[in-house]
Structures are given as C-alpha cells and as structure tokens.
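Single-letter residue listing:
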Amino acid sequence: MRPSRRSKLFAKIAICIVIFLSLVYYLNLTNVFLNSSDSSPFEAQNTSHRSNFSTSLKNNKTLLQIQNNSLTNCINKCTAALKKQLYNVWCIFTKVASNSPMKRKFRTFFDSLVRFSSGDIAFHLITDEESQSIAENIIDYVLFVYRKRVQVQYYNVHKSAKEIEDIVSVMSSFFSSKPGTYYSDALFFISLGLHRIAPLNQDMAIMVDADTKFRSNIKELFKEFDHFNKDALFGLGPELSPVYRHVLFLYRSKNPKTIFGEPGYLGGYPGYNSGVILIHLKRLRESLEYDQIVGRDSVEHLVEKYEFKGHLGDQDFYTLLGMERPEMIHTIDCGWNRQLCTWWKDRGYADVFANYSRCNSEVKLWHGNCNTPIPVD
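Residues numbered from 1 in each chain as written. Predicted model: local features only at pLDDT ≥ 70, side-chain atom pairs only at ≥ 80, totals over all residues. Heavy atoms only, no water.

Draft legend 1. The environment of Leu312, seen in detail. Following the sequence through the fold, Leu312 ends up in the loop between helix 14 (296-305) and helix 15 (314-324). In this structure, the C-alpha to C-alpha distance between Leu312 and Phe188, residues 124 residues apart in sequence, is 7.9 Å. In this structure Leu312 touches Phe175, Val243 and Tyr244, once residues within four positions along its chain are discounted. (Helix = DSSP H or I, 4+ residues; strand = E, 2+ residues; numbered from the N terminus. Contact = heavy atoms within 4.5 Å.)

Draft legend 2. Spatial organisation of the pattern of salt bridges. Enumeration according to the criterion identifies 13 salt bridges in this entry. For Asp111, the salt bridge is made with Arg115, and the minimal N-O distance between the two is 3.3 Å. Taken together, the residues Asp111 and Arg115, both in helix 3 (residues 101-116) and 4 residues apart, mark about one turn of the helix. Take Asp111: its relative accessible area is 22%, and that puts it in the partly exposed class. Since its relative accessible area comes to 31%, Arg115 is described here as partly exposed. Arg252 serves as the salt-bridge partner of Glu262, at 2.7 Å between the closest nitrogen and oxygen. Here the residue Glu262 occupies a position in the loop between helix 11 (249-254) and strand 7 (272-279), and Arg252 occupies one in helix 11, the gap between them amounting to 10 residues. (Salt bridge = Lys/Arg side-chain N within 4 Å of Asp/Glu carboxyl O. Buried < 20%, exposed > 50% of the residue type's maximum accessible area, 1.4 Å probe, protein only.)

Draft legend 3. Examining the sheet that holds strand 9 (residues 338-339) more closely. Pairing within the open sheet is mixed, and its 3 strands lie in the order 5-10-9. Either end of the sheet is taken by a strand with one partner, and the two such strands are strand 5 (212-214) and strand 9. (Pairing = 2+ DSSP bridges.)

Draft legend 4. Main features of the pairing of strand 2 (residues 121-127). Summarising burial for strand 2: 7 of the 7 residues are buried, a large majority. The alternating pattern of strand 2 places Ile121, Phe123, Leu125 and Thr127 on one face and Ala122, His124 and Ile126 on the opposite face, and all of these are buried. Taken together, strand 1 (residues 87-93), helix 3 and strand 2 form a β-α-β motif whose crossover is right-handed. Of the strand pairs in this sheet, strand 2 and strand 3 (residues 151-156) are connected by 6 bridges, and their pairing is parallel. If you follow Ala122 over to strand 3, its bridge partner there is Gln151. Read as a crossover between parallel neighbours, the route from strand 2 over helix 4 (residues 129-146) to strand 3 is right-handed. (Right-handed = clockwise from strand over helix to strand, strands pointing away.)

Draft legend 5. Region of the structure containing the side chain of His124. Mapping His124 onto the fold places it in strand 2. Classification of His124 as buried rests on a relative accessible area of 4%. In contact with His124, not counting residues within four places along its chain, are Asn88, Val89, Trp90, Cys91, Gln153, Tyr155 and Gln202.

Draft legend 6. Highlighting helix 4. When the terminal C-alpha atoms of helix 4 are compared, their 26 Å separation across 18 residues agrees well with the 26 Å that a helix rising 1.5 Å per residue should span. Taken residue by residue, helix 4 has Ser131, Ile134, Ala135, Ile138, Ile139, Val142 and Leu143 as its buried positions. Burial along helix 4 is one-sided: seen end-on, the buried residues are contained in an arc of 160 degrees. Away from its buried face, by an angle of more than 90 degrees, helix 4 presents the exposed residues Glu129, Glu130, Asn137, Asp140, Tyr141 and Phe144. Contact partners of the buried residues in helix 4: strand 1, helix 3, strand 2 and strand 3. For helix 4, the N-terminal capping position is held by Asp128, with its side-chain oxygen 3.4 Å away from the main-chain nitrogen of Glu130. One or two positions beyond helix 4, positive phi appears at Arg147, with a value near 55 degrees. (Expected span 1.5 Å × (residues − 1). Arc of directions from axis to C-beta. Polar contact = N/O pair within 3.5 Å; in protein donor to acceptor, adjacent residues only side chain to side chain.)

Draft legend 7. The side chain of Gln339, seen in detail. Assignment of secondary structure puts Gln339 in strand 9. Within the structure, the side chain of Gln339 is placed 3.0 Å from the backbone oxygen of Asn337, a separation counted as a polar contact. Contacts of Gln339, omitting those with residues within four sequence positions, involve Pro238, Glu239, Leu240, Asn273, His367 and Asn369.

Draft legend 8. Main features of the nonpolar core. The biggest cluster of nonpolar side chains holds 57 residues, and the ones touching the most others in it are Phe175, Phe234 and Phe317. Looking at this core element by element, the count peaks at 6 residues for helix 6 (residues 165-175). Among all residues touching Phe317, those that are not within four sequence positions of it are Met171, Phe175, Leu192, Ile293, Val294 and Val299. (Core = buried A, V, L, I, M, F, W, Y, C linked by side-chain atoms within 4.5 Å.)

Draft legend 9. Local environment of the environment of Ser361. Structurally, Ser361 can be placed in the loop between helix 16 (353-357) and strand 10 (365-367). A relative accessible area of 24% places Ser361 in the partly exposed class. Residue contacts for Ser361: discarding those within four places in its chain leaves Asp333, Cys334 and Gly335. Within the structure, the side chain of Ser361 is placed 2.8 Å from the side chain of Asp333, a separation counted as a polar contact.

Right under this line is the structure:
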C-alpha cells in the first residue's frame, strides 16, 4: 500500500522539529558564551576583543532567530496542510467483465466526479481483482485527460465483507431479494458498516453508486455535514418513486392517516434512496446505540412494527430508521440524487408517480437507477 498523504506530512513535520530543536540547542550554547563573556576576569584588558566577539555572537543570534522563524512557519504550513480537509469518496465496483455495461457507467461516473472537482479528493474503491484492473485503466485515463491528482485506494470486496459479516447476516434476512448468496448480499449493505472498513483517520465520507453522473463539485455536497444535527449519522436524499407506498401497503391500510409512503412533495415521507449516502464515520465508531440498532432484535422489531417487506438492501434499513429515529438521518436535497427510474410508473402507480418523482431543485447529480439512461449534458 502506498504511503498516505498524511504519513508524508507527518514525516516532514518530524524533520522540521528535529532541525528546529538542534538549532535551539545551538542557540542556547551561544547564549552561554555570550553571558559568560560578560563576567570574564580579563574584562578590563580585553574590552575590545570581547566587544567584537559579543557583536559577532549577537549577529549569529539574530540570524538564528530568523532561521527559527522560518522553521516555525514551515511547521505551521505543514500542520495546516495536514488539517486541510480531504474529501473521501467511496464506490463499489465488482463483478465487471470487459464488455459489461457497468464499465461505461463507471467511466461516466468517475469522469464527472473528476471534471467538476477542485482537488483534495481521496477515491476509495471496493472491488475484486478482475474489476480492479478495469477500474485502474479508466481511472488512469481520466486523470491523464484532466491533469488532476486524485488519491486512489482499492479495497478487496471479500475482506471488506468479512468486516461487516454480522451486519450482513442480520440485514440480508429482511432486506434482500435473494438471501443466501453472501457476497452478493454484502454489496448492498457495505454502507452500514463502512466505519469498520474505512481508515480511522477518516471522519466523514460519501458513498456514491457507480450509475450516477455529477453535474456539480462534490465539495459542495460535503458541506451538508455542517447541517447534521448532533444525533445524525447519515445523510440521504428522498426516494423519488412510490416503492415504499407499495412496500408499506399493509401498514398504510391499517393506518390511513400516516405520512409514511406518501410523496415528499405533498409533505409525506417517501423513504430514502441510497444512491448517495453521507456517512459520519466518527460518530458511528463512537456510537454504542448504533451497534444495538443494527442488531437482529432491533431490526426484527422495526420490520414487524411497520409490516415491512423490503428487497432493496441498505436503503430499506435507512427508510425504516428514518421512520423510527428521524433524528439519525439528515435529508439532503433531491437535486443531489435525481433518480431517473420510472419502473413503478408502469406497475400500477401511473396516477401518482409524478407526485413522487417531482424534484424542483437544480440537478447536481443524475442517478440512472434501474438501468435508466442518464441525460447527456
């Protein structure tokens, strides 16, 4: 694994400190000589020599002070650079053959991410061996075209899945269309355990699906973390289809006045879409409550309470969490996850679909979910 940017900065700071301390030590010796010369027993006979020697030492002291100031500035700049925010962007790219449509989608995604970025991006890709070689070629080409530097790090999907094995075991029982295929299930729940996979020096991260296309600088999306309340762990955009109106059919029939499953445009709660997820890694690592919330007893309780029969992986859990504990999820603007899928429009919901898909905000990210083509712009 390549040395990280932070490791290199720590090394530079360490060198600066060593040089600084060495010069301080030399300066102290100089002060001793200077002070000793004031009390020399030969003062009366060597006034001229002592004066010249003192002047020389004082000049050296001034020079050393200038050097000390330069070193201090160097250390301050290194420290400032170390504290400079790095925008950690995560994505999953697996089971991709050389002729797979996902190859084209990933190229569109990464190209748009880099094109609109202003630097300081660290890109983290969870992948497998074959898919990684495809991703590397795309990433190298895009960075060459735009002449931009992006830190890139790869994570093996199987090792990552092992880190969240307990979470996957629980979630796949309730929110997977095909339980039993472990690694396939793990892909749809990695965001829920990303705080275990990400390096500890990452406090915040954004996970984005590969079937997306940026139309704005992701730096602006990171500003949403500033609007998290003190209990918020995640940030997601609203689901722009009536899928949870459908999933919550039994609950809604027994609770006709509920806002759950209603379109956000009309003041309802349509659920969340996990194509873009803001994740407060630091809070997740420190939260004992979160460990309980993703436990089997807690998830089973929520599923039974809302008679929830999901099949969309992590976003089913986020939707339930938002119903039960809304303070834990910050809702981002629909423009940052403008979904294009119209599948439910042709499945009995044509009369209400427009109410769910409505988003009056500027589109900052297209999401071509359910294989929907992304506009060329």
